[in-house]
Amino acid sequence: KVTRSCIYAKDIQRITGRSERYGRKLLKQIKKHFNKAPHQFITIDEFAEYAGIDVEVVRSYITD
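Cut-offs applied
- Residues numbered from 1 in each chain as written.
- Predicted model: local features only at pLDDT ≥ 70, side-chain atom pairs only at ≥ 80, totals over all residues.
- Heavy atoms only, no water.
- Helix = DSSP H or I, 4+ residues; strand = E, 2+ residues; numbered from the N terminus.
- Expected span 1.5 Å × (residues − 1).
- Buried < 20%, exposed > 50% of the residue type's maximum accessible area, 1.4 Å probe, protein only.
- Arc of directions from axis to C-beta.
- Contact = heavy atoms within 4.5 Å.

Peer 1: I keep staring at helix 2 (residues 20-33) and nothing clicks. Help me out?
Peer 2: An α-helical turn contains 3.6 residues, so a residue and the one three or four places further along point in the same direction. An ideal rise of 1.5 Å per residue puts 20 Å on 14 residues; helix 2 measures up with 20 Å between its terminal C-alpha atoms. Among all positions of helix 2, only G23, L26, L27, I30 and K31 are buried. Angular distribution of buried residues about the axis of helix 2 spans 140°; they occupy a single face of the element. Seen from the open side of helix 2, the exposed residues pointing more than 90 degrees away from its buried face are R21, K25, K28 and K32. Looking at the buried positions of helix 2, the neighbouring elements they touch are helix 1 (9-16) and helix 3 (44-51). Just past helix 2, the residue N35 takes up positive phi, approximately 55°.

And the structure:
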């Protein structure tokens, strides 16, 4: 079961197979897309919507 609702660069790395640096870059792009401030977090739902990946698939990669 998922115990958190935020997504981090390391999670994006696991999901996409790309680097953690790519994950950080993608998080910045998603924040800009959703008009979020730099200190705000991205939720799993927002990432899934932006990436076009089913939210349950994303949740299956979140390990903690």
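Here the narrative resumes.
Peer 1: Would you explain unusual backbone geometry in this entry?
Peer 2: Most peptide bonds adopt trans geometry, and most residues besides glycine take a negative phi value. Here the phi dihedral of N35 falls at roughly 55°; this positive angle occurs in a residue that is not glycine. Tracing the backbone through its elements, the reader meets N35 in the loop between helix 2 and helix 3. Given the relative accessible area of 70%, N35 is considered exposed.

Peer 1: Sorry, what's going on with the environment of T63 here?
Peer 2: Looking at where T63 falls in the secondary structure, it is placed in the segment after helix 4 (55-61). For T63, a relative accessible area of 61% puts it in the exposed group. Each C-alpha atom of the pair T63 and T3 lies 9.0 Å from the other, and the pair is 60 residues apart in sequence.

Structural measurements only, silent on function.
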